[in-house]
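Fold and contact review
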Amino acid sequence: EMITASGVSIDVVMGAFLPLLRIADLAVTASGTATLQLAMAGVPFITVYRVSPITYFIARRFAYVKHFTMANILAGHEVVPELIQEKLTARNVRDHLLALAQDEPRRRRMRDDLLRVTASLGAPGAYERAAAAIAARLSSLGARTAAGAGS
């Protein structure tokens, strides 16, 4: 309803986030899982996020991270601009998006950095690898316990 009322021509497609990543040139997203999905797809983006002042105060007091976006946390520096709390204004979103849209070398660097950072996570199948490692460890502990019981 808000988009229609704005007069801006935007198509809203529900339930198609992952397929749309393949055709996206850039994105704006809230901090969360979507940032990692965008990073893994190599889509340049900016992160926006605002919470209540007390929540932000508590998070800043007890969280030991410099960034909110997973790609930035993994990289150890800002790969993706973060517009958090008071930095999140319509003008800042517009300015960051336009700057990114008009700077192909910057988008290419960001895309490369995003893919490099997510490649550091390893190949898909982490759950299976972890389960296999735990099963192997339990099996070796069981074999030692059985061998010890026989002596």
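Right, let's walk through the structure included here. (Residues numbered from 1 in each chain as written. Predicted model: local features only at pLDDT ≥ 70, side-chain atom pairs only at ≥ 80, totals over all residues. Heavy atoms only, no water.)

Between its first and last C-alpha atoms helix H7 (residues 104-119) spans 22 Å; for 16 residues at 1.5 Å apiece the expected length is 22 Å, and the two agree. Looking only at H7, the buried set comprises Arg107, Met110, Leu114, Val117 and Thr118. Along the axis of H7, the buried positions cluster into a sector of 95°, meaning they face one direction only. Counted as exposed and oriented over 90 degrees from the buried face of H7: Arg116 and Ala119. Considering only its buried residues, H7 is in contact with helix H3 (33-41), strand E2 (45-49), helix H5 (70-75) and helix H6 (90-101). For H7, the N-terminal cap is aspartate 103; the gap from its side-chain oxygen to the backbone nitrogen of arginine 106 is 3.1 Å. (Helix = DSSP H or I, 4+ residues; strand = E, 2+ residues; numbered from the N terminus. Expected span 1.5 Å × (residues − 1). Buried < 20%, exposed > 50% of the residue type's maximum accessible area, 1.4 Å probe, protein only. Arc of directions from axis to C-beta. Contact = heavy atoms within 4.5 Å. Polar contact = N/O pair within 3.5 Å; in protein donor to acceptor, adjacent residues only side chain to side chain.)

Turning next to the packing of H6 against H7. The N-to-C vectors of H6 and H7 enclose an angle of 95°; their axes lie 6 Å apart at closest approach. Relative to H7, the element H6 is oriented roughly perpendicular. Between H6 and H7, the contacting residues are Ala99, Leu100 and Ala101 on the first element and Arg106, Arg107 and Met110 on the second. Counted by class, the contact of H6 with H7 contains 4 nonpolar, no polar and 2 charged residues. (Axes fitted to C-alpha atoms, helices over the stretch in contact; angles between N-to-C directions. Parallel < 35°, antiparallel > 145°, perpendicular 65-115°, else oblique. Nonpolar A, V, L, I, M, F, W, Y, C, P; charged D, E, K, R; others polar.)

Ranked by size, the top nonpolar core spans 17 residues in total, and within it Leu38, Phe45, Val80, Leu83, Val93, Met110 and Leu114 carry the most contacts. Contributions of two or more residues to this core are made by H3, E2, H6 and H7. In terms of residue count, E2 provides more of this core than any other element does, 3 residues in total. (Core = buried A, V, L, I, M, F, W, Y, C linked by side-chain atoms within 4.5 Å.)

A word on the sheet that holds strand E3 (residues 82-84). Spatially, 3 strands are ordered E1-E2-E3 in an open sheet, and the strand pairing comes out parallel. The two strands at the open ends of the sheet, each matched to only one other strand, are strand E1 (27-30) and E3. For this sheet the average axis-to-axis angle between neighbouring strands, irrespective of direction, equals 20°. The pairing of E2 with E3 spans 3 bridges and is classified as parallel. (Pairing = 2+ DSSP bridges.)

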